[in-house]
Amino acid sequence: MTTAGQTEAGARGRPRELFEFRHGNSTWRYTSDSTKDALNTSAGTFYPVNIRRGDIELTPDLARNPMTIVIDRDESVPALFKAFTPALPVIVTIYRVHENYTDEGVSSFPDDPYVIWAGRVLTVSWTSSEATLECESTATSLQRTALRRRWQRSCPFQLFDTGTCGVAASSHRHSTFISGISVNTVDVNSVGGHASNHFSGGKLTFEDANGMIHERMIRTQTGTSLLLTYAVEGLAIGDAVIIYAGCNHTTTDCQNKFNNIANYGGQPYICLLYTS
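Residues numbered from 1 in each chain as written. Predicted model: local features only at pLDDT ≥ 70, side-chain atom pairs only at ≥ 80, totals over all residues. Heavy atoms only, no water.

### Description of the pairing of strand β14 (residues 203-207)
Consecutive side chains along a regular strand alternate between the two faces of the sheet. Two elements, β14 and strand β15 (residues 213-222), share five bridges in a ladder whose sense is antiparallel. The partner of Lys-203 across the bridge, within β15, is Met-217. In textbook terms, the turn of a hairpin is the stretch between consecutive antiparallel strands, and for β14 and β15 this stretch comprises five residues, one of which, Gly-211, has a positive phi near 85°. Relative to strand β17 (residues 240-244), β14 runs antiparallel, the two sharing three bridges. Residue Thr-205 lies in a different strand from β17, and its bridge partner there is Ile-242. (Pairing = 2+ DSSP bridges. Helix = DSSP H or I, 4+ residues; strand = E, 2+ residues; numbered from the N terminus.)

### Quick notes on the sheet that holds β15
Taken in spatial order, the six strands of this closed barrel run β12-β13-β16-β15-β14-β17, and their pairing is antiparallel. Averaged over all pairs of adjacent strands, the angle between their axes in this sheet comes to 45°, without regard to strand direction. Bridge analysis of β15 against strand β16 (residues 225-228) gives four bridges, and the strand direction is antiparallel. Of the residues in β16, the one forming a bridge with Thr-222 is Ser-225. (Axes fitted to C-alpha atoms, helices over the stretch in contact; angles between N-to-C directions.)

### Some thoughts on the side chain of Glu-20
With respect to the helices and strands, Glu-20 occurs in strand β1 (residues 15-23). Glu-20 sits in the buried class, given a relative accessible area of 6%. A polar side-chain atom of Glu-20 sits 2.9 Å from a polar atom in the side chain of Arg-29. Excluding its chain neighbours within four sequence positions, the residues that come into contact with Glu-20 are Thr-27, Trp-28, Arg-29, Ala-43, Phe-46, Ile-91, Val-92, Thr-93 and Tyr-95. (Buried < 20%, exposed > 50% of the residue type's maximum accessible area, 1.4 Å probe, protein only. Polar contact = N/O pair within 3.5 Å; in protein donor to acceptor, adjacent residues only side chain to side chain. Contact = heavy atoms within 4.5 Å.)

### Regarding the pattern of salt bridges
Summed over the entire model, instances satisfying the criterion amount to eight salt bridges. The salt bridge involving Glu-215 is made with Lys-203; its shortest N-O contact spans 3.4 Å. You can see Glu-215 sitting in strand β15 and its partner Lys-203 sitting in strand β14, a full twelve residues away along the chain. One connected set of salt bridges, linked through shared partners, spans Glu-17, Arg-53 and Arg-96. (Salt bridge = Lys/Arg side-chain N within 4 Å of Asp/Glu carboxyl O.)

### Quick word on the sheet that holds strand β7 (residues 90-98)
The mixed open sheet is built from nine strands, whose spatial order is β3-β4-β2-β1-β7-β10-β11-β6-β5. With partners counted over all chains shown, the strands left at the sheet margins are β3 (39-41) and β5 (51-53), one partner each. Mean inter-strand twist for the sheet, computed between neighbouring axes without regard to direction, equals 30°. In the sheet, strand β2 (residues 26-31) pairs with strand β4 (residues 44-48) via two bridges, with the strands oriented parallel. Looking across to β4, one finds that Tyr-30 is bridged to Tyr-47.

### Things to note about the environment of Gly-234
Tracing the backbone shows Gly-234 in the loop between β16 and β17. Sequence separation between Gly-234 and Glu-207 is 27 residues, and the spatial gap between their C-alpha atoms is 9.7 Å. With residues up to four places along the chain from it excluded, the contact list for Gly-234 reads Phe-206 and Asp-239.

This is how it looks when you write it as structure tokens:
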């Protein structure tokens, strides 16, 4: 019988819940079913751990559909939040599947686990043995009011956005190496001969050992010293990084730094004086 059929059957159903977490190209799959070594389904193989979730609220108010997941504190997912919030979102999907039994008492799982909740992990708190993951649903994110373009002197476009700004990121980046680290301040071997603040407001990227790309905004650049928004776990002296120029969203930067004044998105000639 299919998962949907067993759910509708009520008493005949043997539900199992599956938890999938994704961060970049890494995936962790857990189940609260401790009776088996692993559950093999079409969604992947899920391994038993001490994990449980809060109730799912069925309400038209999407903001009231959060999810709390409690898991052993030493698992890989909570560890992502121990030092600071990960640069990439941690996506969580909760599935339900029902266990089948043949006449001989052999159990199996249908190949149609279905999603009962999806969202992302926002924050993590710890106790002596467990970690509590506070999550928001995907629907909540979609319900939020999008950014609106305003009539303003400064340019509202995101630097390097292909649909608005149009500046090519490949033309304004510099490859270098880390020569020093102090919390969220890093020193690099070179900045391509650019003056201080050329990279202020830009970003630093690097690839870790697992092939995941990390990004940090550069708050300020003084010589070869870069102050980042927050530290980067796994970054070490000698690591290769790429730094991208920043923009202060003025006509001066747009023209002199990027030669892109034709795509400037602000209204620089708004009169600042009002007369009656």
